[in-house]
Amino acid sequence: FIARWGSAQLCCGHYSVLSRLLVALPVTPHLPSYQHICLLVRRLFPLLAVQHQSVVLEQFDPTVDLSSTLRLWKEIPLQNVSKQTLDKMLHHLPLICSQGLAGEDPSLVYCSLRFLSHAANLRNQDIVVQTHFLSVIEPSVSLLQTVLAEKQTLYIPQILEFLSAIVSSIQPAVCHKMLQLCQQLAAFPSPPLDCLISLTRFLSALGRIHFPSAHTQVCLHAVSSLFQMLLSSSHWLVHHHSLLAFQSFAEYTPHSDIIQDCVPQQVKGCIADFMHCR
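The structure displayed is predicted, hence computed values, not measured ones.

Draft legend 1. Representation of the overall build of the chain. When helices and strands are counted, the chain shows 14 helices and 0 strands. Tracing the chain from N to C terminus, the helices and strands come up as α-α-α-α-α-α-α-α-α-α-α-α-α-α. For a compact globule of 278 residues, the expected C-alpha radius of gyration is about 19 Å, and the chain comes in at 20 Å, within 12% of that figure. The C-alpha extent of the chain, read off along each of the three principal axes, is 60 × 40 × 35 Å. Expressed as a percentage of the 278 residues in the chain, the buried residues total 53%. Contacts in the chain between residues at least 24 apart in sequence constitute 72% of all its contacts with a sequence separation of at least 6. Roughly 13700 Å² of accessible area belongs to the chain as shown, and the carbon and sulfur atoms make up 56% of that amount. Taking the average place of the 16 positive charges on the side chains of the chain and the average place of its 16 negative ones, the gap between the two points comes to 7 Å.

Written as structure tokens, this is what we have:
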């Protein structure tokens, strides 16, 4: 509020300072201080004048320094970006897809995945943009397999968010592999909350998928077992997101015969009350 109070030029000046601060900081998404800066950058961006959005974003050139650019771009609410500026940002998708996920710098991979997940959730994408997303599916799944094997969780929420946004484009065999990897995540002794919440969103997105007969049994069994685990969670936040995901899945899935298998016996009454209230 204070940053916006005044002229549009003053707001742009505040934002330029904040964006340069964010770019200069190490990428530490699990630290509250870093998250607070990211939140401020996200919330202040829609208050910028349209012409100043371009001014701020064009201060960073991905062809010159991809890592620094994505440290800011990953926090930009793309739905609030003007079409002209958004087209300029999406023009760099091939670079982000080819170099962002292929690098050995963990912060660059994290920022690339986060930006891609935001971009994949945009509506009215053209065919060229969709093609770039398709090219990242297999590398994303391979990366998920690697980090699960190494018990690293930094990238997992971003991978799940990205794949949730383009789940309708994922081949059934790849989707089956994804579900197997999700079961590995669920088998961790104490999976991080952000990973579990992203998992609920992935399961919710699967409600719009029709699994062919060759994959129906194994995929639906994995979906039901994951829902049972999540709906049984004792953590209120995971339980709430699980209820929302299950409601969405139940409303849209063509495989309605497995809905009962997704619900643990001990929470059937709670789920019935929740769905009735909504």
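Draft legend 2. Examining the pattern of salt bridges more closely. By the definition in use, this model includes 6 salt bridges. One salt bridge connects Lys74 with Glu75, and the closest N-O pair in it is separated by 2.6 Å. For the pair formed by Lys74 and Glu75, the shared burial category is buried. In this structure, Glu75 engages Arg114 in a salt bridge whose closest nitrogen and oxygen atoms are separated by 3.2 Å. Here the residue Glu75 occupies a position in the loop between helix H4 (66-73) and helix H5 (83-90), and Arg114 occupies one in helix H7 (residues 106-120), the gap between them amounting to 39 residues. Salt bridges linked by common partners bring Arg42, Lys74, Glu75 and Arg114 together as one network.

Draft legend 3. Quick peek at the confidence of the model for the chain. Summarising the model, the chain shows a mean pLDDT of 90, and 97% of its residues fall at 70 or more. Averaged pLDDT values for the elements of the chain fall to 77 in helix H14 (residues 268-277) and rise to 96 in helix H11 (residues 193-205).

Draft legend 4. Region of interest: the environment of Pro191. Relative to the elements of secondary structure, Pro191 occurs in the loop between helix H10 (172-186) and H11. On the basis of relative accessibility, which here comes to 18%, the residue Pro191 falls in the buried class. In sequence terms Pro191 and Thr153 are 38 residues apart; their C-alpha atoms lie 8.5 Å from each other. Once residues within four sequence positions are removed from consideration, Pro191 is found in contact with Leu185, Ala186 and Leu196.

Definitions and limits used
Residues numbered from 1 in each chain as written. Predicted model: local features only at pLDDT ≥ 70, side-chain atom pairs only at ≥ 80, totals over all residues. Heavy atoms only, no water. Helix = DSSP H or I, 4+ residues; strand = E, 2+ residues; numbered from the N terminus. Rg over C-alpha atoms; globule rule 2.2 N^0.38 Å. Buried < 20%, exposed > 50% of the residue type's maximum accessible area, 1.4 Å probe, protein only. Contact = heavy atoms within 4.5 Å. Areas by Shrake-Rupley, 256 points an atom, 1.4 Å probe, with all protein chains shown as cover. Lys, Arg positive; Asp, Glu negative; His and termini not counted. Charge placed at Lys NZ, Arg CZ, Asp CG, Glu CD. Salt bridge = Lys/Arg side-chain N within 4 Å of Asp/Glu carboxyl O. pLDDT = per-residue confidence, 0-100.

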